[in-house]
Amino acid sequence: MSHIQFDNIYYGTGTTIGKIRFASIGVAWKAAEDEQTITVAAGDIKYLQWFRVARNFQLRIILKQDRKRETFEGFLREDHDKIASVVKQYYNLILEHKEIGVKGWNWGVTDVRGGDLAFLVSNKTIFEVPLSRIGNSNIAGKTEVSLEFTPQPGVVAAPGKKGKSVAIDELVEMRLFVPGARVRGSDEEASGPEDDETSAAQAFHDMIKEKAEIGQVTGQGIVTFSDILVQTPRGRYDIDMFPTFLRLRGKTYDYKILYSSITRIFLLPKPDEIHVQLVIGLDPPIRQGQTRYPYLVLIFSREEELDIELNLDQETIDTKYEGKLQQRYDLPTYRVVSEVFRGLSGRKMIAPGNFASRDNQHGIKANMKAVLGELYFLEKSLIFVAKQPTVIDYADIHQVVFSRGDLDIIKTATPKKKKKKGGEDGGGDDAAPKKKKKVKKDGGDADMKDAEGEGSKSKPKAKAKPKGDDPEEPAKKKPKLASN
């Protein structure tokens, strides 16, 4: 037999099913629905392992180069002996059977194995986390480390009842309790005598950032913007721009944001005539613990200027970016940053429309509940910029109500998002044409009569009826009191 094949096998942790084939030259997997293929040459295989996982059994192939691995899941229990025989015959290797810890303990030790972070109890693996999926590591308290995970690429919503899509659950955060202290080694740097001893949580956090390459500038960067004031999430960050993603590097938090997750870009002048704010919509949003940030809000001074040169040649700018970028910029900082974001993400820049307040400003100060911010009326939507910006499309507005002394200004219907050809999901600024909305003035006092116009007349208030005025019931006479 030249080869042996197994059907209904998953590659890695993905949801795509396919078939795997073993031959003397190596191992190959092919997806059932598309043309995706994974091949492993026989000479690159170092050893193979057999694991019990959630989707039956997993075959793990560890490669000789940097101990990289390829995993395939969905094998049945009875497939073990057949695969072990094939591995021995074709590759002269032994299929190792690894036991998984099932004690249920939530304390143990961690170990970095190749590209995975393993959690062990009694030298048995409880679970493993790919380091490539860790998007951020933060110290939440003195003895707690929070690991945040990036969404898995290529995962789509599963079909549900009546053709509706159902969201897939994913692990987005894990918190580990790391007590104790750790003494620095002689090869580690310390800024002072008091820094010879550090907490175990800090040491674990530093190790994760190093192994998972969090915050490190990898690859060829296009440009770096230093010390940018960010209102949401608050802090000053260095922004490294790469061909497919950007990285926010702060003192405490680091974020990796794909350009494909940028949904909208707003460039809005503040009413103070001193600053300009750049609002960037994100889907999925970035996280700090349990807090989600679906928008980035960057603040710039109007007078600050920036002179930079992009690490791109003119041919790349003309072909890949269609001339939306320049090799050199010598403009106000807010214009440079906004144009670079627009060129790399491919999103349209949304600016204020023709609306102007009585002070000839595009934005007006307003409150949404107890939150103070700026309200901007754009061409096809309005945006309230505060710590957590809010965007409302005009197509979603059912009625506008003006009330005196009331903070509730706009009542919106539940938006029904429809994906249109050539447009973005959710109906952005190019989603729907303008429609006239009903305007209602809530009031009723005498002062509102003039504002409503001549065609609107307030109804006279009904006078209160005195007792005994009911026509169906005769009034009762009060008895007279006799006086002596």
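The helix and strand inventory of the chain stands at 5 helices and 35 strands. Buried positions account for 37% of the 484 residues belonging to the chain. In the chain, the share of contacts with a sequence separation of at least 24, taken over all contacts with a separation of at least 6, comes to 44%. Total accessible area on the chain stands at roughly 31000 Å², and carbon and sulfur atoms take up 49% of it.

Moving on, we come to the sheet that holds strand S11 (residues 124–130). Sheet architecture is open: 3 strands sit in the order S9-S10-S11, paired in antiparallel fashion. The outermost strands of the open sheet, each flanked by one partner alone, are strand S9 (109–113) and S11. When the angles between neighbouring strand axes are averaged without regard to direction, this sheet yields 30°. In the sheet, strand S10 (residues 116–121) pairs with S11 via 6 bridges, with the strands oriented antiparallel. In the strand pairing of S11, Val 121 is matched with Lys 124.

So, on to unusual backbone geometry. Put simply, Thr 232 and Pro 233 share a cis peptide bond, and its omega is -10°. Along the chain, Pro 233 falls in the loop between strand S19 (223–232) and strand S20 (235–241). Cis geometry marks the peptide bond from Asp 283 to Pro 284; its omega dihedral reads 10°. Topologically, Pro 284 is positioned in strand S24 (residues 275–288). Despite not being glycine, Asn 8 has its phi angle at roughly 55°, a positive value.

Turning our attention to empty space enclosed by the protein. Applying the stated criterion across every chain yields a total of 1 cavity of 30 Å³ or more. By volume, the largest cavity amounts to about 30 Å³. Every residue lining the largest cavity is listed: Thr 110, Leu 117, Phe 119, Phe 127, Met 174 and Leu 176. Listed by contribution, the elements that provide at least two residues to the lining of the largest cavity are S10 and strand S16 (173–177). Classifying every residue of the lining of the largest cavity by side-chain character gives 5 nonpolar, 1 polar and no charged.

Here the focus is the nonpolar core. If you look at soluble globular proteins, the nonpolar side chains tend to sit buried side by side. In terms of nonpolar packing, the biggest core is built from 39 residues, with Phe 225, Met 241, Leu 278, Leu 298 and Phe 341 touching the most fellow members. Of all the secondary-structure elements, those providing two or more residues to this core are S19, S20, strand S21 (245–249), strand S22 (254–258), strand S23 (262–269), S24, strand S25 (291–301) and helix H4 (333–345). Sorting elements by how many residues they give to this core places H4 first, with 6 residues. When near neighbours in sequence (up to four residues on either side) are disregarded, Met 241 contacts Gly 221, Ile 222, Val 223, Phe 225, Leu 246, Tyr 259, Val 340, Phe 341 and Leu 344. Within the second largest apolar cluster, 26 residues are counted, among which are Ile 9, Ile 20, Phe 57 and Leu 59.

The next point concerns the pairing of strand S7 (residues 69–75). Two faces, one strand: in a regular strand the side chains alternate between the faces of the sheet. In terms of burial, S7 is a largely internal element, 6 of the 7 residues being buried. Of the strand pairs in this sheet, strand S1 (residues 3–11) and S7 are connected by 2 bridges, and their pairing is antiparallel. Paired with Tyr 11 across the strands is Phe 72, a residue of S7. Note: strand S6 (residues 57–63) against S7, 6 bridges, orientation antiparallel. Pairing of Ile 61 across the sheet is with Glu 70, part of S7. Between S6 and the antiparallel strand that follows it, S7, lie 5 residues; Asp 66 among them carries a positive phi value of about 55°.

What counts as what
For every chain, the first residue of the written sequence is number 1, and numbering continues from 1 onward in sequence order. Selection of residues for local features in this predicted model requires a pLDDT of at least 70, selection of side-chain atom pairs for listing and counting requires 80 or more, and totals for whole chains, interfaces and linings are taken over all residues. Hydrogen atoms and water are omitted, and side-chain values are computed over all heavy atoms in the structure. A run of H or I in DSSP becomes a helix once it reaches four residues, and a run of E becomes a strand once it reaches two; helices and strands are each numbered from the N terminus. Exposure classes here rest on a 1.4 Å probe applied to the protein chains alone. A residue is buried below 20% of its type maximum, exposed above 50%, and partly exposed in between. Contacts: residue pairs with any heavy atoms within 4.5 Å of one another. Here the Shrake-Rupley method, with its probe set to 1.4 Å, supplies the accessible areas, and only the displayed protein chains count as covering residues. A pair of strands is treated as paired once DSSP finds two or more bridges between them. For helices, the fitted axis covers only the stretch in contact; all axes are lines through C-alpha atoms, and the angles between them, taken along N-to-C directions, range from 0 to 180 degrees. Cavities and pockets are found on a 1 Å grid laid over the protein atoms alone: a cavity is a set of points where a 1.4 Å probe fits but cannot escape, a pocket is an open set with protein on both sides within 12 Å along at least five of seven lines, and a lining residue has an atom within 4 Å of such a point. Grid points are joined across faces, edges and corners, and a volume is the space filled by probe spheres set on the points. Residue classes follow a fixed rule: Ala, Val, Leu, Ile, Met, Phe, Trp, Tyr, Cys and Pro count as nonpolar, while Asp, Glu, Lys and Arg count as charged, and any other residue, Gly among them, counts as polar. By nonpolar core we mean a set of buried residues, namely Ala, Val, Leu, Ile, Met, Phe, Trp, Tyr and Cys, connected to one another through side-chain atoms within 4.5 Å.

That's the geometry; what it means functionally is another story.
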